[in-house]
Amino acid sequence: MSAVMITRKVRKWEKLPGKNTFCCDGRVMMARQKGVFYLTLFLIIGTCSLFFAFECPYLSLHLSPAIPVFAAVLFLFVMAMLLRTSFSDPGVLPRALPEEATFIEMEIEAANGNVPAGQRPPPRIRNVQINNQIVKLKYCYTCKIFRPPRASHCSICDNCVDRFDHHCPWVGNCVGKRNYRYFYLFTLSLSLLTIYIFTFDIVHVVMRSVDKGFLNTLKETPGTVLEVLVCFFTLWSVVGLTGFHTYLISLNQTTNEDIKGSWSGKNRIQNPYSHNNIIKNCCEVLCGPAYPSVLDRRGLMQEDPLVSATCAAPASSSSNPVPQTTKTTAPLIPNEHTPDEAKPGIAASAEKTPSPKEEQPPDTKIPPLATPETDAETSIAKDKTH
Amino acid sequence: MQGLVPTATDGNMATEFHNLQELRHSASLANKVFIQRDYTEGTTCKFQTKFPSELESRIERTLFEDTVKTLNNYYAEAEKIGGQSYLEGCLACATAYLIFLCMETRYEKVLKKIAKYIQEQNEKIYAPRGLLITDPIERGMRVIEISIYEDRGSSGSSSGSSSVSGSTAR
């Protein structure tokens, strides 16, 4: 490290809040705990290697050379889907910048009116009507936004994810809007691969035993025992999971909604996102457009504090870095166009340093950035919400 | 503060591009308005066309609504589920989605069109009125952020309409 400060290009992923790990200079995005993901990789690659080493020579000779070829294609597809699911942005919603957070706070304060001292303010909920159903949007205290419908906050990754399905440790990432179809194709192709290997293991053992006897076969190809074991246990879990997700897709539901029972009988709210047509639901989830990432990971951080908003070209995760950011730290100056209740807020917020952390000193004049403790609903339901 | 807006290629745009830079140099940020998402039709990207009160003296309602409606149309086009999206999806699946490494998705193409449209709107309509629209993709597609600028100096720059009491009826 030289003593002279040569300005190093800092990319935005280095400053992103949340508990993700990034690799390849921001191109790869995963959760922090990757141990189970490595186990998944090991199991798949290990079992397939054993299959190619022990079974394939015999089967390609005695049955057909197409067997290992098809196995190879399936294996490559499984790996591609797994890596795609693990490495892509699941649909993380960026946190609100200070001005947006303040704007929302002021709206909430205006809506709540005057809360008598000592009483907890009402829970932060926004009701929206979607396809003639009332859906409640919850406020996220970490990200300082009202979560869009179907979004949820993942406590493991500490991000709000759009169309949040679940956090999958096997894949080492959240499963959300952007990578759900890859996850589904991964489970589907893995089921097929497992069934395929299991079937041909049995075929191989049977064929060889006819010639040489069962025990000799096992001695010659010891890998078969391992493969059959792994496949047997994998079959039950992965095939079951694929079936479950097929059911969810046909109803256009997420795992999160299913677990919470959002659309089941008691609440009497029907799923407003479902087209009530299995084919249409499947098409929307699996053949819908490929959503872009709204997290600009590879863009360059601009250190200049005297910035104003720009209209930059959007940066996709694989494009060249776009050198823009809209980190406006200029103080907000009230003028007569500012709504009256915002004036003291704006003046006070100019004094304090903007920070995305939720614990704020309570003696600032702006509406105190709320924490879950100050809110009636979340303090009760703290354990349930992510 | 250079290079914040991509260099305009059109000769006409150069003079209006100048407006934006002058705006930033002479004006100071007064306030920001956030246009929220409209979820009445589901989770597709759509913004509310309700005219915010802070912009009442700054810009005509019809101009604002046109901008938002055009943006909504662009997003609807990007998210449309029909023949083309099926084709793209099936083709991509057949290549194990490796084709996305070389090909641009339809959504990304539309996003580029949107960025161009917003820049054009800023230069032609919003900057002369002391306003600036931020591309929603920079705010996670949650809000359209409109920055309201207050003219700092009395020396007339092109952003003359940001004077305090004047209405900008044109």
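Chain B appears in an unreviewed UniProt entry as Golgin A7 family, member Ba from Parambassis ranga. Heading Subcellular location (unreviewed entry) of the UniProt record for chain B holds this comment: "Golgi apparatus membrane". Here chain B is described in UniProt, under the heading Sequence similarities (unreviewed entry), as follows: "Belongs to the ERF4 family."

As annotated in an unreviewed UniProt entry, chain A carries the name Palmitoyltransferase and comes from Parambassis ranga. In its Sequence similarities (unreviewed entry) section, the UniProt record describing chain A reads: "Belongs to the DHHC palmitoyltransferase family. ERF2/ZDHHC9 subfamily." Its UniProt record, at the heading Catalytic activity (unreviewed entry), says of chain A: "L-cysteinyl-[protein] + hexadecanoyl-CoA = S-hexadecanoyl-L-cysteinyl-[protein] + CoA".

Moving on, we come to the UniProt feature "domain: Golgin subfamily A member 7/ERF4" (unreviewed entry) in chain B. As recorded in UniProt, the sites labelled "domain: Golgin subfamily A member 7/ERF4" (unreviewed entry) are residues 33–145 of chain B. Structurally, residues 33–145 of chain B is divided into 45% helix and 8% strand, and its ends, taken at the C-alpha atoms, are 6 Å apart.

Attention now moves to the sheet that holds strand 5 (residues 133–140) of chain A. Spatially, 3 strands are ordered 4-5-6 (chain A) in an open sheet, and the strand pairing comes out antiparallel. A single partner strand is all that each edge strand has here, and the edge strands are strand 4 (125–130) and strand 6 (145–146) of chain A.

All names here are of chain A. Pairing is antiparallel in the open sheet, where 3 strands are placed in the order 3-8-7. Either end of the sheet is taken by a strand with one partner, and the two such strands are strand 3 (92–93) and strand 7 (152–154). In terms of strand pairing, strand 3 meets strand 8 (residues 159–161) through 2 bridges, oriented antiparallel. Bridge assignment links Leu-93 to a residue of strand 8, and that residue is Cys-160.

The subject of this paragraph is the packing of helix 1 (residues 35–62) of chain A against helix 2 (residues 66–87) of chain A. Residue and element names in this part refer to chain A. In contact at an axis separation of 10 Å, helix 1 and helix 2 are set at 175 degrees when each is read in the N-to-C sense. One finds that helix 1 runs roughly antiparallel with respect to helix 2. Contacts between helix 1 and helix 2 pair Phe-37, Thr-40, Leu-41, Ile-44, Ile-45, Cys-48, Phe-51, Phe-52, Cys-56, Leu-59 and Ser-60 from the former with Ile-67, Pro-68, Ala-71, Ala-72, Phe-75, Val-78, Met-79, Leu-82, Leu-83, Ser-86 and Phe-87 from the latter. The residue makeup of the contact of helix 1 with helix 2, split by class, is 19 nonpolar, 3 polar and no charged.

In this section: the environment of Pro121(A). Along the chain, the position of Pro121(A) falls in the loop between helix 3 (98–112) and strand 4. Measuring from C-alpha to C-alpha, the distance between Pro121(A) and Ala110(A) comes to 12 Å, with 11 residues separating the pair along the chain.

Taken as a whole and assessed by the stated rule, the structure comprises 21 salt bridges over all chains. Across the pair Lys32(B) and Glu99(A) runs a salt bridge whose closest N-O atoms are separated by 3.6 Å. Residue Lys32(B) is located in strand 1 (residues 27–35), and its partner Glu99(A) is located in helix 3; the two belong to separate chains. Residue class for Lys32(B) comes out buried when judged on its relative accessible area of 3%. The buried category is assigned to Glu99(A), whose relative accessible area is 11%.

A cluster of nonpolar side chains, contributed by Val36(A), Leu39(A), Phe42(A), Leu43(A) and Trp170(A), occupies part of the molecular surface with about 470 Å² of accessible area. Along the chain, Leu39(A) turns up in helix 1.

Considering all chains together, one arrives at 0 disulfides over all chains under this definition. Looking at Cys93(B), it has no disulfide partner, and the nearest cysteine sulfur is the one in Cys90(B), 7.2 Å off.

Let's shift gears to the UniProt feature "transmembrane region" (unreviewed entry) in chain A. All names here are of chain A. UniProt marks residues 36–54, 66–83, 182–206 and 226–250 with the feature "transmembrane region" (unreviewed entry), using the numbering shown here. The span residues 36–54 shows a helical share of 100% and a strand share of 0%, and its end C-alpha atoms are spaced 27 Å apart. What you have in residues 182–206 is 100% helix and 0% strand, and the ends, taken at the C-alpha atoms, are 36 Å apart.

Turning to unusual backbone geometry, a few remarks are in order. Only a minority of non-glycine residues have a phi that is not negative, and only a minority of peptide bonds are not trans. Residues and elements named next belong to chain A. Positive phi is not limited to glycine here, since Arg-163 has a value of about 50 degrees. With respect to the element layout, Arg-163 can be found in the loop between strand 8 and strand 9 (166–168). Not every positive phi belongs to a glycine, and Asn-276 is a case in point at roughly 60 degrees.

The next subject is the domain arrangement of chain A. Residues and elements named next belong to chain A. Its domain assignment divides chain A into domain 1 (17–93 + 178–287) and domain 2 (98–111 + 118–146). A separation of 39 Å is found between the C-alpha centroids of domain 1 and domain 2. Listed by partner, the interface residues are 5 residues for domain 1 and 6 residues for domain 2. Three residues, Ile-269, Pro-272 and Tyr-273, lead the burial of domain 1 against domain 2; their summed loss comes to 67% of the area buried on that side. Remark: the boundary between domain 1 and domain 2 carries 0 salt bridges. For the pair domain 1 and domain 2, the number of links is 1 residue pair in polar contact (both at pLDDT 80 or more). Here the residues of the side of domain 1 that touches domain 2 are counted per class, giving 4 nonpolar, 1 polar and no charged.

As a rule of thumb, soluble globular proteins bury nonpolar side chains together. Ranked by size, the top nonpolar core spans 43 residues in total, and within it Ile44(A), Met81(A) and Phe186(A) carry the most contacts. If you list the elements that add at least two residues to this core, you get strand 2 (28–31), helix 1, helix 2, helix 4 (180–212) and helix 6 (223–251) of chain A. When residues in this core are grouped by element, the largest group, 11 residues, is from helix 4 of chain A. Beyond its immediate sequence surroundings of up to four residues, Phe186(A) is in contact with Thr40(A), Ile44(A), Val78(A), Met81(A), Leu82(A), Thr85(A) and Val171(A). One finds Ile35(B), Tyr117(B), Ile118(B) and Leu131(B) within the second-largest nonpolar core, a separate group that totals 29 residues.

Cut-offs used in this document
- Residues numbered from 1 in each chain as written.
- Chains lettered and ligands numbered in written order.
- Predicted model: local features only at pLDDT ≥ 70, side-chain atom pairs only at ≥ 80, totals over all residues.
- Heavy atoms only, no water.
- UniProt positions renumbered as here; feature names shortened; annotations may be inferred.
- Helix = DSSP H or I, 4+ residues; strand = E, 2+ residues; numbered from the N terminus.
- Pairing = 2+ DSSP bridges.
- Axes fitted to C-alpha atoms, helices over the stretch in contact; angles between N-to-C directions.
- Parallel < 35°, antiparallel > 145°, perpendicular 65-115°, else oblique.
- Contact = heavy atoms within 4.5 Å.
- Nonpolar A, V, L, I, M, F, W, Y, C, P; charged D, E, K, R; others polar.
- Salt bridge = Lys/Arg side-chain N within 4 Å of Asp/Glu carboxyl O.
- Buried < 20%, exposed > 50% of the residue type's maximum accessible area, 1.4 Å probe, protein only.
- Patch = residues over 30% accessible without salt bridge, like charges linked within 9 Å, V, L, I, M, F, W, Y side chains within 5 Å.
- Areas by Shrake-Rupley, 256 points an atom, 1.4 Å probe, with all protein chains shown as cover.
- Disulfide = S-S within 2.5 Å.
- Domains from an automatic or database assignment.
- Buried area = accessible area lost by both parts, 1.4 Å probe.
- Polar contact = N/O pair within 3.5 Å; in protein donor to acceptor, adjacent residues only side chain to side chain.
- Core = buried A, V, L, I, M, F, W, Y, C linked by side-chain atoms within 4.5 Å.

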